[in-house]
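# Architecture and fold: a report
One letter stands for each residue in the lines below.
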Amino acid sequence: MANASHSIPTFSILGPPGCGKGTQAEFIKSQLGFLHVSSGDIFRGALARGDENALAAQDLMQRGELVPDEVIKKMVHDELQRILKASENAKGVLLDGFPRTVGQAEMMDDLLSDLGLHFVGMLNLQVPEALLIERLLKRGQGAEKRPDDNEDVIRERMRVWKEKTYPLEEYYEAHKQLFSLDGVGSPDEVFGRLKPVIVEQGQLA
Ligand code: AMP
């Protein structure tokens with residue numbers, strides 16, 4: 001495994017669909033010099049390229065289900081390798097949407113170690129469910145609409161979130177790697193809570 005003191009601090013950002021993690025990820029990237037790797041974007045990119053593993057899992061995504069751990073793990077690994085090669089001065093890495101299951105969390109050290117990264121912890125944005133559904137429905141009516149932004153699929157994504165992803169909170173809590181924050185407020189307010197946690201825990205100068 002890479003020596004943690006010389007490897008790049010890596011966080012993951014966790015929060016249900018609609019919690020604002022995409023916006024916070026942009027702040028972390030632009031203001032803290034992190035690389036941002038979103039598993040959902042990687043998966044959509046692979047689909048657009050006609051990748052055969054992605055196409056085989058496309059039905060799952062369209063139903064709001066998760067794609068198999070091994071499929072997403074390989075895609076995230078390959079994207080991290082590519083992006084790290086292209087950017088030498090990264091202060092840190094932010095994984096967005098990965099890990100999403102305890103199985104993926106257990107794969108983490110193995111995934112990161114040969115890339116010169118070490119996992120610091122999970123940033124957990126907490127937002128009440130009613131507010132999440134309202135935000136997603138609004139997004140479904142706007143220009144940023146995604147194929148999985150209709151009400152039935154939104155409810156299914158919430159259900160899957162609770163079943164598969166809430167156990168991750170317990171997992172990282174037990175490993176003392178869970179940093180929970182209030183995700184309600186303006187993007188600037190939420191970033192004002194996130195930034196000190198990242199700087200301190202990631203030991204950024
Ligand atoms: P997202 O953009 O993060 O909401 O992801 C959109 C969809 O991509 C999810 O509903 C899943 O079908 C798939 N996906 C993204 N990340 C993962 C992951 N870590 N594990 C399994 N499936 C994922």
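Residues numbered from 1 in each chain as written. Predicted model: local features only at pLDDT ≥ 70, side-chain atom pairs only at ≥ 80, totals over all residues. Heavy atoms only, no water.

In the neighbourhood of the ligand, 14 residues make up the surrounding shell, with S39, E65, G97, R100 and Q104 lying closest. A distance of 2.7 Å separates a nitrogen atom of the ligand from a polar atom in the side chain of S39. Between the ligand and Q104, the relevant distance is 2.8 Å, taken from a nitrogen atom to a side-chain nitrogen or oxygen of the residue. When the ligand sits alone it has 480 Å² of accessible area, and the protein chains cover 95% of it. Ranked by residue count, the leading element in the shell around the ligand is helix α2 (residues 39-49), at three residues. Each residue belonging to the shell around the ligand can be placed in one class, and the counts come to five nonpolar, four polar and five charged. (Near = heavy atom within 4 Å. Polar contact = N/O pair within 3.5 Å; in protein donor to acceptor, adjacent residues only side chain to side chain. Areas by Shrake-Rupley, 256 points an atom, 1.4 Å probe, with all protein chains shown as cover. Helix = DSSP H or I, 4+ residues; strand = E, 2+ residues; numbered from the N terminus. Nonpolar A, V, L, I, M, F, W, Y, C, P; charged D, E, K, R; others polar.)

When you line up the elements, H77 lands in helix α4 (residues 69-86). With residues near it in sequence (within four places) discarded, H77 still touches L111, D114 and L115. (Contact = heavy atoms within 4.5 Å.)

For the protein chain, mean pLDDT is 89; residues scoring 70 or higher make up 93% of the total. Between residues 1-5, whose pLDDT stays under 50, and residues either more than four places distant or in other chains, the model counts five contacts. (pLDDT = per-residue confidence, 0-100.)

All right, on to the sheet that holds strand β1 (residues 8-14) then. A sheet is described by the order of its strands in space; here five strands give the open sequence β2-β3-β1-β4-β5, paired in parallel fashion. Whereas interior strands pair on both sides, the edge strands pair on one side only; in this sheet they are β2 (34-38) and β5 (178-182). Sheet twist, expressed as the mean angle between neighbouring strand axes with direction ignored, is 25°. Sheet topology places β1 next to strand β4 (residues 117-126); seven bridges connect them, and they run parallel. Paired with F11 across the strands is G121, a residue of β4. With respect to the sheet, helix α5 (residues 102-113) is in contact with β1, β3 (92-96) and β4, its orientation differing from that of β4 by roughly 135°. (Pairing = 2+ DSSP bridges. Axes fitted to C-alpha atoms, helices over the stretch in contact; angles between N-to-C directions.)

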